[in-house]
Amino acid sequence: MSTSTAWKNVSATTIDRVRETIRQLWGYDSFRPLQQEAIEAVLADRDTVVVLPTGGGKSLCFQAPACCREGLAVVVSPLISLMKDQVDALQTNGVAAAFYNSSLSTAERSTVIEAVRCDALKLLYLAPESLLNEHMLALLGSVPLSMFAIDEAHCISSWGHDFRPEYRGLRLLKQRFPEVAVHAYTATATERVRHDIAAQLALEEPEILVGSFDRPNLNYRVQRRTRGLEQMLEVIERHQNESGIVYCISRKEVERIAESLNTLGHSAVAYHAGLSDEERIGNQESFLEERINIVVATVAFGMGIDKSNVRFVVHWGMPKSLEAYQQESGRAGRDGLEADCCLFFGGNDYGTWTRLMASSGEANDAALEALQAMDRFCSSTSCRHQDLVRYFGQSIEQQQCGACDVCLDQIELVDDSLITAQKILSCVVRLEQMYGADYTSQVLAGSQDQRILEKQHDRLSTHGILSEFPKAAIRDWIEQLIGQECARKVGEYSQLEVTDLGWQVLRGEHTPRLLKPATRGGARGRPSAADPASWEGVDRGLFESLRDLRRELAGEQGVPAYIVFGDAALRDMARRRPSSLDSFLEVQGVGQKKCKDYGELFVKHIAEYCDAGGIATDVSAAPLPPRKPAEVSASAVAAFENFKAGESVAEAAKSLGRAESTVRGYLSQFLRHEQITDPTPWVDEATARRVRDAIEQVGGDRLKALFEYLNGEVSYDDIRIVASCLANATAG
Ligand code: ADP
Ligand code: ZN
């Protein structure tokens, strides 16, 4: 107890230094959850196991203290691509970091070794096999070390999803360097893996820090595939000019979808293990450098992709487990900004996976169990955020997450859930709880199957009681009832059994939620929640032009675009519009090095843009204002871009495929919401002047009087537009 107080006191002074370093080098002014605790443990030289979800900010937990401490931090990382990205990112922030692996030439290797020898580096990234080489161990034994950081530490555990035998050798570190602390970082949440990591690395009383697995900035939506590609396109079109990943189960599907997207005018490339190395690397780079927006891929894509501004992940087909889903969907929104995760599943996905697993020899009990859990997730009617974290043994407080289709009421439930559920459960009872879900749904659908006739189940009162529905829908409802614990599968043949809660349903004391069966053209998903506060005050045009500038720079330097600046930094620039280096430094995500390297260029660009458009610069650095009450409809927001680009009502109606009358409604929401004062993009100058004069004479709130004053020569629509702009001008 006393020792722990002692190190807390020591760290109380140094954590401030780390905080200052983070501000100066990274340009961040607050910690993400558990970062402070993780860094304090590093400062106290206490072994740690840190479990944070993808995008949780694990790297900073060792990178920042490494910069403040004496000696070298040795970072173990499984993938060459991952090392290079991290080292690039560190170097652009002005940190002395290097990696050492087989991709380097002999000369480059000697340079790195020399730098280690003369204590010129703060961080060195290595794969385990390079680290455990006797020469390397001897070298590291001869220089001061600040710590060992083991990234992707679950690779050491055979219980994890990515076991790498070479990680096992890392146990040696504690023997060879007993005085140096070892810190393990992973996003894999299960307790078994966590303990295995500590045991395999022989950590000494490690501090185990486990973050929340919820990713509140991700909007989850899960839908059955009913309308072909159209469903996917709705997502993609909502994210014009933004980066996204589309996951498919098979290579063939990847090729097909990538081709269709290109035909439809979306820039997409394919990525799967069947492509040549060259093609794969080329496609990956064009995604990272933002020359194309979309990667269509199998699960082969993503390990080692650190791109922070992926704005959507579409699953065109169900993944094989919730672990995989968490990982893959987790690649969206690593920068903490909102992102969409849309899963479109089909009735055949389950069968496709069992076939694939059988042919690759992976079809063990654990894999099938994981697949079933995934299947249940798809047909669940409870909060997606809650379902996901519960699977990982956690829970979230809120009843309403506000960021999933269930909580946002975007799923459609059958009107008479109770009666339908009662019909199903009573059939289970009539079948004496001795048959499985398939058989039961056949009976409910009124099948005349030989087996049913033989057993005389066609004589049951529940035979055909749901015959107006397709068998697949009935089958889904059974899974939904199991998911809501009204029934369960037992025994060798997964016979259905009614649970206590199920009996309550039969007595009418509890109503479960059942999804409306899929119909073509029905169940149209509304777009996710309106733009959140993170776009508040951001000049979108400026943001887009800053993205172009970033893309150019990234191309010139051959680094991924987000290494230059993340989306959050660009948004903050387009919000504050700094006109000097001092105010540029205030931007979130701009540290001193980046300010020095890019400041002048960006400030100049911003000044030119704002000058040309008459836009205010150095907007006060007020914290994000609270979200405005929803006075605009989500569908209207889509039209705002068109109006901002100066499109007329007719033009906007054409590009959006909506009626002009509808778009006029959007325009009035736009004028009010954006406080527009100039009506001339929509009403000609002379008419606008006439209406203004008229308002001076008769006032602006009586439209009919105005219309008559103007001899009926100006339409009501035009009068409304001018009056609205004038009201905005006088209010401002
Ligand atoms: P992980 O390794 O846990 O998946 P990263 O370390 O790659 O996550 O961090 C994800 C993103 O969050 C990166 O862009 C990183 O720079 C950013 N980040 C990390 N910590 C902070 C912080 N305290 N404030 C703002 N951004 C942060
Ligand atoms: Zn929810």
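None of these values were measured; they are calculated from a predicted model. (Residues numbered from 1 in each chain as written. Chains lettered and ligands numbered in written order. Predicted model: local features only at pLDDT ≥ 70, side-chain atom pairs only at ≥ 80, totals over all residues. Heavy atoms only, no water.)

Quick look at the overall build of the protein chain
Part 1 of the reasoning: Broken down by element type, the protein chain carries 32 helices and 15 strands.
Part 2 of the reasoning: The C-alpha extent of the protein chain, read off along each of the three principal axes, is 90 × 85 × 55 Å.
Part 3 of the reasoning: Buried positions account for 52% of the 732 residues belonging to the protein chain.
Part 4 of the reasoning: Total accessible area computed for the protein chain in this model is approximately 33200 Å², and 49% of it derives from carbon and sulfur atoms.
Part 5 of the reasoning: Side-chain charges of the protein chain comprise 79 positive and 102 negative groups, with the mean position of each set lying 3 Å from the other. (Helix = DSSP H or I, 4+ residues; strand = E, 2+ residues; numbered from the N terminus. Buried < 20%, exposed > 50% of the residue type's maximum accessible area, 1.4 Å probe, protein only. Areas by Shrake-Rupley, 256 points an atom, 1.4 Å probe, with all protein chains shown as cover. Lys, Arg positive; Asp, Glu negative; His and termini not counted. Charge placed at Lys NZ, Arg CZ, Asp CG, Glu CD.)

Remarks on the packing of helix α18 (residues 437–445) against helix α20 (residues 471–483)
Part 1 of the reasoning: For the pair α18 and α20, interaxial distance at closest approach is 9 Å and the crossing angle is 130°. Judged by the angle between their axes, α18 and α20 are oblique. As α18 runs across α20, the sense of the crossing is right-handed. Between α18 and α20, the residues in contact are A437, D438, T440, S441, Q442, L444 and A445 and K471, I474, R475 and I478, respectively.
Part 2 of the reasoning: Of the residues that constitute the contact of α18 with α20, the class distribution is five nonpolar, three polar and three charged. (Axes fitted to C-alpha atoms, helices over the stretch in contact; angles between N-to-C directions. Parallel < 35°, antiparallel > 145°, perpendicular 65-115°, else oblique. Left-handed = near helix turned anticlockwise from the far one by under 90°. Contact = heavy atoms within 4.5 Å. Nonpolar A, V, L, I, M, F, W, Y, C, P; charged D, E, K, R; others polar.)

Concerning the nonpolar core
Part 1 of the reasoning: One finds L123 and L131 to be the most contacted residues of the largest nonpolar core, which totals 77 residues.
Part 2 of the reasoning: If one sorts the elements of this core by residue count, helix α3 (residues 58–68) sits on top with seven residues.
Part 3 of the reasoning: Not counting chain neighbours up to four residues away, the residues in contact with L123 comprise F62, Q63, A66, L72, A73, V75, L90, V95, A96, A97 and A98.
Part 4 of the reasoning: Core analysis: the next-biggest nonpolar cluster, separate from the first, contains 69 residues, I305, L343, L388 and L542 among them. (Core = buried A, V, L, I, M, F, W, Y, C linked by side-chain atoms within 4.5 Å.)

Regarding the packing of aromatic side chains
Part 1 of the reasoning: Under the definition given, this model contains 20 aromatic pairs.
Part 2 of the reasoning: With 5.7 Å between their ring centres and 50° between their planes, Y325 and F377 make a pair best called tilted. With Y325 in helix α13 (residues 322–329) and F377 in helix α15 (residues 365–378), this residue pair connects regions lying 52 residues apart in the sequence.
Part 3 of the reasoning: We classify Y325 as buried; its relative accessible area is 0%.
Part 4 of the reasoning: Residue class for F377 comes out buried when judged on its relative accessible area of 3%.
Part 5 of the reasoning: Pairing Y391 with F392 gives two aromatic rings, centres 5.4 Å apart and planes at 85°, and the pair type is edge-to-face.
Part 6 of the reasoning: When its relative accessible area of 13% is taken as the criterion, F392 is described as buried.
Part 7 of the reasoning: By way of ring pairs, the aromatic residues F565, F584, Y598 and F602 are connected into one cluster.
Part 8 of the reasoning: The positively charged end of R109 is found above the aromatic ring belonging to Y100, 5.8 Å away from the centroid.
Part 9 of the reasoning: Above the plane of the ring of F287 lies K307, whose end atom (NZ or CZ) is 5.3 Å from the centre. (Phe/Tyr/Trp six-rings, centres within 6.5 Å; stacked < 30°, edge-to-face > 60°. Lys NZ or Arg CZ within 6 Å of the ring centre and 35° of its normal.)

Some points on the domain arrangement of the protein chain
Part 1 of the reasoning: Once the domains are mapped, the protein chain shows domain 1 (3–210), domain 2 (218–391), domain 3 (417–506), domain 4 (533–613) and domain 5 (634–731).
Part 2 of the reasoning: One C-alpha centre belongs to domain 2, the other to domain 5; they are set 43 Å apart. (Domains from an automatic or database assignment.)

With respect to the site of ligand 1
Part 1 of the reasoning: Of all residues adjacent to ligand 1, which total 15 residues, the nearest are Y28, S30, G55, S59 and R334.
Part 2 of the reasoning: A distance of 3.1 Å separates an oxygen atom of ligand 1 from a polar atom in the side chain of R32.
Part 3 of the reasoning: Within the backbone of G56, an N or O atom sits 3.4 Å from an oxygen atom of ligand 1.
Part 4 of the reasoning: Notes on ligand 1: free accessible area 570 Å², of which the protein chains cover 82%.
Part 5 of the reasoning: At three residues, the largest contribution of residues to the shell around ligand 1 is made by α3.
Part 6 of the reasoning: Among the residues forming the shell around ligand 1, the class breakdown is four nonpolar, eight polar and three charged. (Near = heavy atom within 4 Å. Polar contact = N/O pair within 3.5 Å; in protein donor to acceptor, adjacent residues only side chain to side chain.)

Re the sheet that holds strand β3 (residues 97–100)
Part 1 of the reasoning: The strand order across the open sheet formed by seven strands is β3-β4-β2-β5-β6-β1-β7, and the pairing between neighbours is parallel. Only two strands of the sheet have a single partner each, and these edge strands are β3 and β7 (207–210). Strand-to-strand twist across the sheet, computed as the mean angle between neighbouring axes with direction ignored, equals 20°.
Part 2 of the reasoning: Where β3 and strand β4 (residues 123–126) come together, four bridges link them in parallel fashion. Opposite F99, over in β4, you have Y125 as the bridge partner. (Pairing = 2+ DSSP bridges.)

Section: the coordination of the zinc ion (ligand 2)
Part 1 of the reasoning: The protein atoms that coordinate the zinc ion (ligand 2) are C383 (SG), C401 (SG), C404 (SG) and C407 (SG), at distances of 2.3 to 2.4 Å.
Part 2 of the reasoning: Geometry at the zinc ion (ligand 2) is tetrahedral, judged from the four donor atoms that bind it and their angles of 105 to 118° at the metal.
Part 3 of the reasoning: Along the chain, the residues donating to the zinc ion (ligand 2) fall in the pattern C-x17-C-x2-C-x2-C. Of the two residues, C383 sits in the loop between α15 and α16 (384–391) while C401 sits in the loop between α16 and α17 (417–430), which places them 18 residues apart along the sequence. As far as burial versus exposure is concerned, C383 and C401 are alike and both buried. (Donors = N, O, S within 2.8 Å, 3.2 Å for Na, K, Ca; no water. Tetrahedral: all angles 85-135°; square planar, octahedral: opposite > 155°, others 65-115°.)

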